[in-house]
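# Architecture and fold: a report
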Amino acid sequence: MGLVVQKYGGSSVADAEGIKRVAKRIVDAKKSGHQVVVVVSAMGDTTDELIDLAQQVSPIPAGREFDMLLTAGERISMALLAMAIKNLGHEAQSFTGSQAGVITDSVHNKARIIDVTPGRIRTALDEGNIAIVAGFQGVSQDKKDITTLGRGGSDTTAVALAAALEAEVCEIYTDVDGVFTADPRVVKKARKIDWISFEDMLELASSGSKVLLHRCVEYARRYNIPIHVRSSFSGLPGTWVSNEPQGNQPMEQAIISGVAHDTSEAKVTVVGVPDKPGEAATIFRAIADAQINIDMVVQNVSAASTGLTDISFTLPKTDGRKAIQALEQAKSAIGFESLRYDDQIAKISLVGAGMKTNPGVTAGFFEALSNAGVNIELISTSEIRISVVTRADDVNEAVRAVHSAFGLDSENDEAVVYGGTGR
Ligand code: ADP
Ligand code: ASP
Ligand code: MG
């Protein structure tokens, strides 16, 4: 029997009962003969609560201190989980990200893993322990400061450790039975997907299906680590994410894998930009220098009378203040008239590799939105995805309409959500 990495999300360890339930599952895996490495998230909504707290003392908290604060959440759960396992008569040791050898760059709040040196984890396993690792955190290579990997980053910790330790599989335990054709909190008739390719999962994740983090899927694809997403509350098999289907996984991928939505982004419009070469470059250099990732970009046709145009782009809401600040500072270099900030938007995306070879998918998507009376503000596409921005208020209805229009509704079982607050 080989080594397995199991990751338990915040909803799976939300309280003492949850921690004890998860401890039993981990012990069962160990008893079946596996070496077990566990990555654990902060309990319940702890991370959100810590962020709220930070914002009460400072509107833009210093990155280094913010990371130091947030990593406390995972420390609590890792220690409690190790205690619960010991209480069941098995040996367990907990490790911070730094102790586990998760080495990152020094970009606070969204650091990237650049190396994993899990010497202490190997030793702990060889001595017969279950190793418990705090997810979502690492230590920067140059300054040796504590970093975090961005929201949902425990998924990435798990896959990175699975790759470094050459695990058989990385199991991601959460509060739903796997990856569904849409968020089961929004679409009760969503269907569980038995197998999905890395390619489609990457698009779903980057379009807002937070059941798996985009970076984690990227990492798993690079190192070819199969991921099994499943519920920590039920014994049901979940969703396999891998290059190729294996065993009795379905051989054919559906034309459309699913519908994703994202309400975590905001839209910035730079109004009255001179329509001449170099303007967009100056705007987006200012944004990049502030370490902000943008998503969609749209430039309007300029008005002939004024020679001015508007440029809109979307970005994480959490970077909104920083972006406005960076643009204000670059105002004289860019020469715009004003800035508009809108955080009442949502992005809805349809994802599926079959789109490449099936005409009419785009038309069907827009028809479904039109029939639901949903207005479209921005559009962007890739080879296997179409995304639109709409009003945030329309998001649930839009997702359900698109899900039905593409025949994704299941006839029988309603998707079960076992825990979590959806925050
Ligand atoms: P964890 O605490 O385990 O990390 P998350 O809240 O990060 O859990 O992710 C699980 C949640 O992802 C589910 O409760 C569900 O609401 C949401 N979700 C969004 N899209 C999907 C999808 N396509 N399939 C399954 N869950 C999804
Ligand atoms: N606790 C962190 C968060 O809530 C990391 C994680 O859960 O993956 O984002
Ligand atoms: Mg998560």
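Just so we're clear, the structure is a prediction, and the values are computed from it rather than from any experiment. (Residues numbered from 1 in each chain as written. Chains lettered and ligands numbered in written order. Predicted model: local features only at pLDDT ≥ 70, side-chain atom pairs only at ≥ 80, totals over all residues. Heavy atoms only, no water.)

Following the UniProt record, the feature "domain: ACT" (unreviewed entry) maps to residues 268-344 and 350-423 here. Helix makes up 32% of residues 268-344 and strand 31%. Its end C-alpha atoms lie 11 Å apart. End C-alpha to end C-alpha, residues 350-423 measures 23 Å, and it is 30% helix and 19% strand. (UniProt positions renumbered as here; feature names shortened; annotations may be inferred. Helix = DSSP H or I, 4+ residues; strand = E, 2+ residues; numbered from the N terminus.)

Taken together, Ser 41, Ala 42, Thr 47, Glu 74, Phe 136, Arg 151, Gly 152, Gly 153 and Ser 154 make up all the residues around ligand 2. Gly 152 places a main-chain nitrogen or oxygen 2.8 Å from an oxygen atom of ligand 2. Notes on ligand 2: free accessible area 260 Å², of which the protein chains cover 87%. Tallied by class, residues from the shell around ligand 2 come to two nonpolar, five polar and two charged. (Near = heavy atom within 4 Å. Polar contact = N/O pair within 3.5 Å; in protein donor to acceptor, adjacent residues only side chain to side chain. Areas by Shrake-Rupley, 256 points an atom, 1.4 Å probe, with all protein chains shown as cover. Nonpolar A, V, L, I, M, F, W, Y, C, P; charged D, E, K, R; others polar.)

This next bit is on the pattern of salt bridges. Evaluated as defined, the whole model comprises 18 salt bridges. For Asp 295, the salt bridge identified is with Lys 347, shortest N-O distance 2.6 Å. Of this pair, Asp 295 sits in the loop between α8 (279-289) and β15 (297-299) while Lys 347 sits in strand β18 (residues 345-351), and the two are 52 residues apart along the sequence. Residue Asp 295 is classed as partly exposed on the basis of its relative accessible area of 33%. Overlapping salt bridges bring together Lys 267, Asp 342, Glu 377 and Arg 391 as one network. (Salt bridge = Lys/Arg side-chain N within 4 Å of Asp/Glu carboxyl O. Buried < 20%, exposed > 50% of the residue type's maximum accessible area, 1.4 Å probe, protein only.)

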